[in-house]
Amino acid sequence: MMKLFVPGRLCLFGEHTDWAGHYRTMNADIKPGAAIVTGIEQGIYAEVEKSSIFELYSDAPEIGGVWQDFSCRMDEAELKRVAKSGGFFCYCAGVASYMLEWYKVGGVRIRITSMTLPMKSGLSSSAAICVLVARAFNLLYNLNLNTLGEMNIAYVGELRTSSRCGRLDQACAFGVKPNLMTFDGDEIEVRSLNVKKHLYWVFADLCAEKDTIKILSDLNKAYPFPTTEAERREHEALGEKNLEIVDRAIRFMAEGDAESLGRLMTEAEALFNSQVAPMSPALKSPKLDAVLADPAILPLVWGGKGVGSHGDGSVQFLARSEEAQTQLTAYLNEHGMKAYSLTLKPVHTVRRAIIPVAGFGTRLYPATRALKKDFFPIPCPDGMVRPVILILLEELVLSGIEEICLVLGSEEERQQYADYFERPLEEEHLRKLNPEAQEYENHILDIGKRLHYVYQKEKRGFGHAVYQAAQFAGNEPVMLLLGDTLYRSDSNKPCALQMVEEYERYNSLMVSIHPIPLAEVSRYGILHGVWEDKGSHVLSVDTMHEKPKASYAEEFLGVRNKNGEKEYYSVFGQYILTPEVFSQLHEDIMQKEIEGDHVTEIELTSALEAVRKRSGMMGVRLQGRMFDMGNPTALVRAIEEYSK
């Protein structure tokens, strides 16, 4: 039994541009469509499991008046017939028929346990249930579809019904976060957007009437080639002017400028009313206009606009504060509308990092008898010779990390770090340095001010070492670097910064990955998954396999690159850990305590796998190289190569 949640979706900017952008296949002068779409907090909750047939049940009281339990054989013709029937479950049958036709799957049993998403309110309840069905088949039958794949199948499945959904409806597949969707002919791209500050949205069903089919029919008459001035103005509004508005909206969200974002909503609505609405009598919206101009509402909001196809369907506002959001929601409900709140929250950027350096360095004995391996000197391209630990710390500082925790083996080791990062050079030594080196000395002392220390007094594995920094990490994402590995970026961004930027897009547990030859897979943990992006940089990981045989990896663990060739990916040595990882490590340690087992090592890999199964994991292919420092052969190679 697997539990799923799929939210509804709200189009913040760019409605109608999904189908308008599709016409670029016929007229290259049409600008690509662009829309900012977010999942909302209301949605569909369900339990799913495999079955011999296709079954749909509901215990959700919210849809008790319209729902009928349904079951059907996994037969393509029968499923397509049901898809055309017009019942609530017709959307589900449309998706199931596509899955059967193209993936030859068995059946599923879906039980909806709760549905907090209002129907027929411009929030894509039909798209949400289509995504739910696509995701159920994907996960239960290990189809290895990425999120965009689930979204596309949900769209095609809904088209097998009498519905004529838009391409942006299925954006609910991406969860409760804002995304930029671009529509260039048949091509669709989805990119997560950053939000710097809390944004307090309110949206409401106006409980009036609109004719979506008429609206779409009228607006489509201007495409693909405009023949009148009015049609050219529609193209302009849904084309270049929309692109400019969406670009400004992205900037205001990233800057946390709610006031400018609200004014932009009002500007976008005025543009729609002046250049799009005149094309269809069905876009006359007296109730929407009255609510947007309500003098009781205006002091509570920065701005507002219509939703979806517009008309008297739904309205959305950006409230001035959390308190104003509450007041506005209550006001709209009191006046006969169905209002809901949506708070877009900033993704915690990564401010902290952990570097475990508690190991004995046994493979580099006897040098480690006198010097910890993280202080081994490494010639650098600028001619300086730096210790390993300083190179790692500089990588983090350049990536915006503010605080760094070193996990040491004992309190006695602390003195080496105090001597290096906290004690100024004696004046006689400092005078012998050139001015550039004297300035660099201040840089080292500044880095020392960022450092915190914890101790792993029992050597119980890498996961145990990482867990010692749990209190330092707090309830925030934290970067993890290996203390005996160096990284060299092949771009103008450090490898750690590349990781941070991807975390801000996906807000998920992350590991860096790199390809290795098939002949070497038995030496590494190998990850498999599906690419989330067209550039093959971010992998949605579905399998972690420790040191597989080459034959097994070749059959089951290969990931196709852009050229269709199989590649094999191992961890690159950088991670961004979520608070859930530390909770899992705590659980693992407590379980060993209960069992009285004080010997078995606590591994990070097993904790990562447990979190991956529950919440997912992204593998990020970095533009860079790694240099292992943990054994003599690797140390020689690093010294030779890193200085180039």
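See above for the structure.
Note that the structure is a prediction, hence the values are computed from the model and not measured.

The rules we used
- Throughout, a residue's number is its position along its own chain's written sequence, starting from 1.
- Reporting of local features is limited, given that this is a predicted model, to residues whose pLDDT is at least 70; pairs of side-chain atoms are given and counted only at 80 or more, and all residues count toward the totals for whole chains, interfaces and linings.
- Just so you know, side-chain values use all the structure's heavy atoms and leave hydrogens and water out.
- Secondary structure counts use DSSP, requiring at least four H or I residues in a row for a helix and at least two E residues in a row for a strand, with both numbered from the N terminus.
- Radius of gyration means the value over C-alpha atoms here, while the globule rule gives 2.2 Å times the residue count to the 0.38 power.
- For every residue, the accessible area (1.4 Å probe, protein chains only) is compared with the maximum for its type, and the residue is labelled buried under 20%, exposed over 50%, or partly exposed between those bounds.
- Note on contacts: a residue pair is in contact if any heavy atoms of the two residues lie within 4.5 Å.
- Each accessible area value is a Shrake-Rupley result obtained with a 1.4 Å probe; residue values ignore everything except the protein chains displayed when judging cover.
- For the purpose of charge, His is not counted, nor are the chain termini; Lys and Arg are scored as positive and Asp and Glu as negative.
- Working definition for charges: the position is that of NZ of Lys, CZ of Arg, CG of Asp or CD of Glu.
- Note on ring pairs: Phe, Tyr and Trp rings are taken, using the six-membered ring of Trp, and paired if centres are within 6.5 Å. Classes follow the plane angle, with under 30 degrees stacked, over 60 edge-to-face and the rest tilted.
- Whenever Lys or Arg places a side-chain nitrogen within 4 Å of a carboxyl oxygen from Asp or Glu, that contact is recorded as a salt bridge.
- For two strands to pair, DSSP has to find at least two bridges joining them.
- Note on geometry: axes are C-alpha line fits, over the in-contact stretch for helices, and angles between N-to-C directions span 0 to 180 degrees.
- To form a nonpolar core, buried Ala, Val, Leu, Ile, Met, Phe, Trp, Tyr and Cys residues must be joined to one another through side-chain atoms within 4.5 Å.
- What the arc covers is the set of directions going from the helix axis to the C-beta atoms.
- Polar contact criterion, stated in full: a pair of N or O atoms within 3.5 Å, where within protein one must be able to donate a hydrogen and the other to accept it, and residues adjacent in sequence count only if both atoms are side-chain atoms.
- Each crossing is labelled by how the near helix is turned from the far one, with a counterclockwise turn of less than a right angle marking it left-handed and a clockwise turn marking it right-handed.
- Gly falls in the polar group here, along with every residue not listed as nonpolar (Ala, Val, Leu, Ile, Met, Phe, Trp, Tyr, Cys, Pro) or charged (Asp, Glu, Lys, Arg).

A. Just the overall build of the chain, in detail. Helices and strands together make up the secondary structure of the chain, namely 22 helices and 25 strands. The C-alpha radius of gyration computed for the chain amounts to 28 Å, which stays within 12% of the reference 26 Å derived for 644 residues, consistent with globular compactness. Here the chain holds 644 residues, and the buried ones make up 55% of them. For the chain, long-range pairs separated by at least 24 residues make up 74% of all intrachain contacts whose partners lie at least 6 apart in sequence. As displayed, the chain has an accessible area near 28400 Å², and 50% of this comes from carbon and sulfur atoms. If the 70 positive side-chain charges of the chain are averaged to one point and the 89 negative ones to another, these points end up 2 Å apart.

B. Structural view of the packing of aromatic side chains. Scanning the model with the defined rule gives 17 aromatic pairs in all. An angle of 40° between the planes, with centres 4.5 Å apart, marks the rings of phenylalanine 5 and tyrosine 45 as tilted. In this pair, phenylalanine 5 is assigned in strand S1 (residues 2–13) and tyrosine 45 in strand S2 (residues 33–51), connecting sequence segments 40 residues apart. On the accessibility criterion, tyrosine 45 (35% relative accessible area) is partly exposed. Taking 5.7 Å as the distance between ring centres and 35° as the angle between the ring planes, the aromatic pair formed by tyrosine 487 and phenylalanine 572 counts as tilted. You can see tyrosine 487 sitting in strand S18 (residues 485–489) and its partner phenylalanine 572 sitting in strand S23 (residues 566–577), a full 85 residues away along the chain. Each member of the pair, tyrosine 487 as well as phenylalanine 572, is classed as buried.

C. Quick peek at the pattern of salt bridges. If you walk through the whole model with that rule in mind, you get 39 salt bridges. With its nearest N and O atoms 3.2 Å apart, the salt bridge here joins glutamate 76 to lysine 80. Taken together, the residues glutamate 76 and lysine 80, both in helix H2 (residues 76–83) and 4 residues apart, mark about one turn of the helix. Among the salt bridges present, the one from glutamate 101 reaches arginine 160, with a minimum N-O distance of 2.7 Å. Residue glutamate 101 is located in helix H3 (residues 90–103), and its partner arginine 160 is located in the loop between helix H5 (147–159) and strand S6 (178–184); the two are separated by 59 residues in the primary sequence. Relative accessible area serves as the criterion here: at 18%, arginine 160 is assigned to the buried category. A network of salt bridges, in which partner residues are shared, links Glu76, Lys80, Glu101 and Arg160.

D. Region of interest: the sheet that holds strand S9 (residues 301–306). Taken together, the 4 strands give an open sheet; going across it, the order is S9-S10-S8-S11, and neighbouring strands pair in antiparallel fashion. A single partner strand is all that each edge strand has here, and the edge strands are S9 and strand S11 (338–344). Strand-to-strand, the axes of this sheet are offset by a mean angle of 20°, without reference to chain direction.

E. How the structure looks around unusual backbone geometry. At the junction of tyrosine 223 and proline 224, the peptide bond is cis and its omega measures out at 0° in the coordinates. By secondary structure assignment, the location of proline 224 is in the loop between helix H6 (212–220) and helix H7 (229–238). In this chain, tyrosine 365 is followed by proline 366 through a cis amide linkage whose omega measures 10°. Examined against the element boundaries, proline 366 turns out to sit in the loop between strand S12 (352–356) and strand S13 (377–379).

F. Spatial organisation of the pairing of strand S10 (residues 314–319). Here S10 lies mainly inside the structure; 6 of its 6 residues are buried. Where burial is concerned, the two faces of S10 agree: the one with Ser314, Gln316 and Leu318 and the one with Val315, Phe317 and Ala319 are both buried.

G. The arrangement of the nonpolar core in detail. In terms of nonpolar packing, the biggest core is built from 103 residues, with Phe13, Phe54, Ile110, Phe137 and Trp201 touching the most fellow members. For this core, the element with the most residues is helix H4 (residues 125–140), which contributes 11 residues. The next biggest cluster of nonpolar side chains, apart from the first, holds 83 residues, and it includes Cys495, Tyr506, Phe572 and Met617.

H. Up close: H7. All of the buried residues in H7 are Glu231, Glu234, His235, Ala237 and Leu238. Along H7, the residues classed as buried sweep out an arc of 165° about the axis, all on the same side. Buried residues in H7 make contact with helix H1 (17–22), H6, helix H8 (240–255) and helix H9 (258–275).

I. Spotlight on the environment of glutamine 275. Examined against the element boundaries, glutamine 275 turns out to sit in helix H9. For the pair glutamine 275 and arginine 233, spaced 42 residues apart in sequence, the C-alpha separation works out to 5.5 Å. With sequence-adjacent residues up to four places away left out, glutamine 275 is seen in contact with Arg233, Glu234, Glu236, Ala237 and Lys241. A distance of 2.8 Å separates the side chain of glutamine 275 from the backbone oxygen of arginine 233, its partner in a polar contact.

J. Representation of the packing of H3 against H4 within the structure. Interhelical geometry of H3 versus H4 gives an angle of 35° and a closest axis separation of 9 Å. Crossing of H3 over H4 shows right-handed handedness. Where H3 abuts H4, its residues Tyr91, Cys92, Val95, Ala96 and Met99 lie against Ser126, Ile129, Cys130, Val133, Ala134 and Phe137. Among the residues forming the contact of H3 with H4, the class breakdown is 10 nonpolar, 1 polar and no charged.

From the geometry alone we can't say anything about function, so treat these as descriptive.
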